[in-house]
Amino acid sequence: TRAWANRLDHLADLTLVLFGLGDDELPVEHPRLTQAREHLLNGLGCTAIVTLCAGCCNMLKTEYAKTDEKLTPKVYHLVEYLARLVKDKKIAFTKEQHMTVAYHDPCHLGRHLGVFNPPRDILKAIPGITHVERTATRENTICCGAGGGMRLFETGALAADMGREALQAARA
């Protein structure tokens, strides 16, 4: 995480914070923890928060917006932020990658946050990439089984089955 922060910080005119919201003692949505985090994040003086985790991004963008003390920094998921850097020509891909790519819309990033175009914009910016859309995509994507605690059911067998089905659908 610190390496990503160092790489991105020199590309942007703002302070970045990359983090996860995990806590050993209190659940992420605990009001006391939410208040303390908002106060801490607002006190940092950063203009943007970039998360690696779609669940954490969703929590900051939606749940924290419902509280009395609003977050002052703008919240981005990493793919949103990278797409912005590509669009603003602050980063560019130069090495050609000769391959065809189909992007899978993860449930937490797509369905929950509505982030569909930024990952595609990044792929389109890579020379040599041919981007194709899968049959089940965007809001209608097939769950891969990797998120939302699915690996807890049936000792992970259900998640593995869901992943295989999603992969087979992508190959079709």
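Turning next to the overall build of the chain. A tally of helices and strands in the chain yields 7 helices and 4 strands. When the helices and strands of the chain are listed from N to C terminus, the series reads α-α-β-α-β-α-β-α-α-β-α. Burial statistics for the chain: of 172 residues in total, 41% are counted as buried. Across the chain, every contact between residues at least 6 apart in sequence was considered, and the portion connecting residues at least 24 apart equals 66%. With an accessible surface of roughly 10500 Å², the chain has 54% of that area assigned to carbon and sulfur atoms.

Even without glycine at this site, K89 takes up a positive phi of about 60°. Within the element layout of this structure, K89 appears in the loop between α4 (78-87) and β3 (99-102). With a phi angle near 50°, R138 is a residue other than glycine that sits in the positive phi range. Relative to the assigned elements, R138 resides in the loop between β4 (129-132) and α7 (157-171). A relative accessible area of 26% places R138 in the partly exposed class.

Before going further, it helps to examine the pairing of strand β2 (residues 74-77). Relative to β2, strand β1 (residues 48-51) runs parallel, the two being bridged by 4 bridges. Residue pairing across strands places I49 opposite V75, the latter belonging to β2. The handedness of the β1 to β2 crossover, carried by helix α3 (residues 54-63), is right-handed.

Looking now at the pattern of salt bridges. A complete count under the given rule lists 4 salt bridges for this structure. One salt bridge connects D105 with R120, and the closest N-O pair in it is separated by 2.7 Å. Of this pair, D105 sits in the loop between β3 and α5 (107-112) while R120 sits in helix α6 (residues 117-124), and the two are 15 residues apart along the sequence. Side by side, D105 and R120 carry an identical accessibility label, which is buried. Residue E133 is joined to R120 by a salt bridge in which the shortest nitrogen-to-oxygen separation is 2.6 Å. In this pair, E133 is assigned in the loop between β4 and α7 and R120 in helix α6, connecting sequence segments 13 residues apart. Judged by its relative accessible area of 38%, E133 falls in the partly exposed class. With relative accessibility at 1%, the residue R120 sits in the buried group.

Our focus in this paragraph is the environment of P106. Here P106 lies in the loop between β3 and α5. Residue P106 is classed as partly exposed on the basis of its relative accessible area of 32%. Residues P106 and C143 lie 37 residues apart in sequence; the distance between their C-alpha atoms is 7.3 Å.

Among all positions in α6, only P118, P119, R120, I122 and L123 are buried. Where α6 is buried, its residues meet α4, β3 and β4.

With that settled, consider the pairing of β4. Judged by which residues are buried, β4 turns out to be one-sided: I129 and H131 face inward and are buried, whereas T130 and V132, on the alternate face, are not. In this sheet, β4 lies alongside β3 in parallel orientation, the contact comprising 4 bridges. Across the sheet, A102 pairs through a bridge with V132, a residue of β4.

Cut-offs and rules
Residues numbered from 1 in each chain as written. Predicted model: local features only at pLDDT ≥ 70, side-chain atom pairs only at ≥ 80, totals over all residues. Heavy atoms only, no water. Helix = DSSP H or I, 4+ residues; strand = E, 2+ residues; numbered from the N terminus. Buried < 20%, exposed > 50% of the residue type's maximum accessible area, 1.4 Å probe, protein only. Contact = heavy atoms within 4.5 Å. Areas by Shrake-Rupley, 256 points an atom, 1.4 Å probe, with all protein chains shown as cover. Pairing = 2+ DSSP bridges. Right-handed = clockwise from strand over helix to strand, strands pointing away. Salt bridge = Lys/Arg side-chain N within 4 Å of Asp/Glu carboxyl O.

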